[in-house]
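Fold and contact review
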Amino acid sequence: DAKTTQPNSMESNEEEPVHLPCNHSTISGTDYIHWYRQLPSQGPEYVIHGLTSNVNNRMASLAIAEDRKSSTLILHRATLRDAAVYYCILISGAGGTSYGKLTFGQGTILTVHP
Amino acid sequence: NAGVTQTPKFRILKIGQSMTLQCTQDMNHNYMYWYRQDPGMGLKLIYYSVGAGITDKGEVPNGYNVSRSTTEDFPLRLELAAPSQTSVYFCASSYGYLEKLFFGSGTQLSVL
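Residues numbered from 1 in each chain as written. Chains lettered and ligands numbered in written order. Predicted model: local features only at pLDDT ≥ 70, side-chain atom pairs only at ≥ 80, totals over all residues. Heavy atoms only, no water.

With that out of the way, let us pick up the sheet that holds strand β2 (residues 18-23) of chain A. Pairing within the open sheet is antiparallel, and its four strands lie in the order β2-β7-β6-β5 (chain A). Among the strands making up the open sheet, the edge pair consists of β2 and β5 (55-56) of chain A. (Pairing = 2+ DSSP bridges. Helix = DSSP H or I, 4+ residues; strand = E, 2+ residues; numbered from the N terminus.)

Okay, here's the thing in structure tokens:
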């Protein structure tokens, strides 16, 4: 299964943009890139996902490199409520042996300063 | 809608005891998952189900069992609890394989 690599931690100031990187150099053509975040003492929460094109929703934007070997989650204006662990995971659209199996890594701990 | 509901929220077990973690969802989702999260770590998949009557092992299934007799319910059974099973357990569901997951609020389990 393709793996992802994220920095252990990042810091930001409130109201500033945050770019959270994710490397997935062994991504296959059918792998979707999903992002989740986990606030303290809560279950993970879906943020955004994409395949090839950049994606926007009310929470964030996802920028996918042209070769798809990396992606960046963009929070346009960080708030204190965005302080969380952010997980980048790949989900194979081809099914097969990875069918149904979603693997979360250790993620990036985002600290937002007032 | 309640979403994904897990019970209990907290539990302390003695070594060798058994218990069932309950998970139910009211979104008519086909896929359901059980994860465990150890302190400071990411989530590890224990078992998953793609529909009623169909379950399969994840990364760390040893010491656990599941069943899926209805679309709504996906209980996780711990037999002969061990200290290594001390963790936070999350249940999740999704409508389809590539659809977003909805997580419960978790069960914090301590085995002493």
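This next bit is on the pairing of strand β9 (residues 87-94) of chain B. Residues and elements named next belong to chain B. Of all eight residues that make up β9, seven are buried, and the element is covered over most of its length. Two elements, strand β4 (residues 31-37) and β9, share seven bridges in a ladder whose sense is antiparallel. Within the sheet, the bridge partner assigned to Arg-36 lies in β9 and is Tyr-89. Relative to strand β11 (residues 107-111), β9 runs antiparallel, the two sharing three bridges. By the bridge assignment for β11, Val-88 is matched with Gln-108. By the bridge criterion, two bridges tie β9 to strand β10 (residues 102-103) in an arrangement that is antiparallel. Note on β10: the bridge partner recorded for Ser-93 is Phe-102. (Buried < 20%, exposed > 50% of the residue type's maximum accessible area, 1.4 Å probe, protein only.)

Next up on the list: the sheet that holds strand β1 (residues 4-7) of chain B. Residues and elements named next belong to chain B. Strands sit in the order β1-β3-β8-β7 across an open sheet of four strands; the sheet is antiparallel. Bordering the open sheet on either side are β1 and β7 (64-66), each of which pairs with just one other strand. On average, each strand axis in the sheet is inclined to that of its neighbour by 20 degrees, with strand direction left out of account. As paired strands, β1 and strand β3 (residues 19-25) are joined by four bridges and run antiparallel to one another. Within the sheet, the bridge partner assigned to Gln-6 lies in β3 and is Cys-23. (Axes fitted to C-alpha atoms, helices over the stretch in contact; angles between N-to-C directions.)

Residues and elements named next belong to chain A. Ranked by internal contacts, the top residues of the largest apolar core, which has 21 residues, are Leu-20, Ile-33, Trp-35, Leu-73, Leu-75, Tyr-86 and Leu-110. Secondary structure elements with two or more residues in this core: β2, β3 (31-38), β4 (45-50), β6 (61-64), β7 (70-75), β8 (84-92) and β9 (108-113). It is β8 that contributes the most residues to this core, four residues altogether. Those residues in contact with Leu-73 that sit more than four places away from it in its chain are Val-18, His-19, Leu-20, Trp-35, Val-47, Ile-48, Ala-60, Ser-61 and Tyr-86. (Core = buried A, V, L, I, M, F, W, Y, C linked by side-chain atoms within 4.5 Å. Contact = heavy atoms within 4.5 Å.)

Each aromatic ring pair is described using two quantities: the centre-to-centre distance and the angle formed by the ring planes. This structure, assessed with the given rule, holds five aromatic pairs over all chains. Between Tyr-36 of chain A and Phe-103 of chain B the ring centres are 6.2 Å apart and the planes differ by 80 degrees, which places this aromatic pair in the edge-to-face class. Residue Tyr-36 of chain A is located in strand β3, and its partner Phe-103 of chain B is located in strand β10; the two belong to separate chains. The exposure class of Phe-103 of chain B is buried, given its relative accessible area of 13%. (Phe/Tyr/Trp six-rings, centres within 6.5 Å; stacked < 30°, edge-to-face > 60°.)

Locating Thr-26 of chain A in the fold gives a position in the loop between β2 and β3. Sequence spacing of Thr-26 of chain A and Arg-68 of chain A is 42 residues, and the spatial spacing of their C-alpha atoms is 9.3 Å.

This next bit is on the interface of chain A and chain B. At the junction of the two partners, chain A supplies 23 residues and chain B supplies 21 residues. Between chain A and chain B the total buried area reaches about 1,900 Å² when both faces are included, carbon and sulfur atoms providing 60% of it. On the surface where chain A and chain B come into contact, there are zero salt bridges. On inspection of chain A and its partner chain B, the count reaches three residue pairs in polar contact (both at pLDDT 80 or more). (Buried area = accessible area lost by both parts, 1.4 Å probe. Salt bridge = Lys/Arg side-chain N within 4 Å of Asp/Glu carboxyl O. Polar contact = N/O pair within 3.5 Å; in protein donor to acceptor, adjacent residues only side chain to side chain.)

The subject of this paragraph is the pattern of salt bridges. On inspection of all chains with the given rule, the structure shows five salt bridges over all chains. A salt bridge links Arg-37 of chain A to Glu-45 of chain A, with the nearest nitrogen and oxygen atoms 3.0 Å apart. Using a relative accessible area of 11% as the deciding quantity, one classes Arg-37 of chain A as buried. Note that Arg-77 of chain B and Glu-79 of chain B form a salt bridge whose closest N and O atoms lie 3.1 Å from each other. Arg-77 of chain B gets classed as partly exposed once you look at its relative accessible area, which sits at 32%. Taking the relative accessible area as the measure of exposure, Glu-79 of chain B reaches 36% and is therefore partly exposed. Via salt bridges that share partners, Arg-37, Glu-45 and Asp-82 of chain A belong to a single interconnected network.

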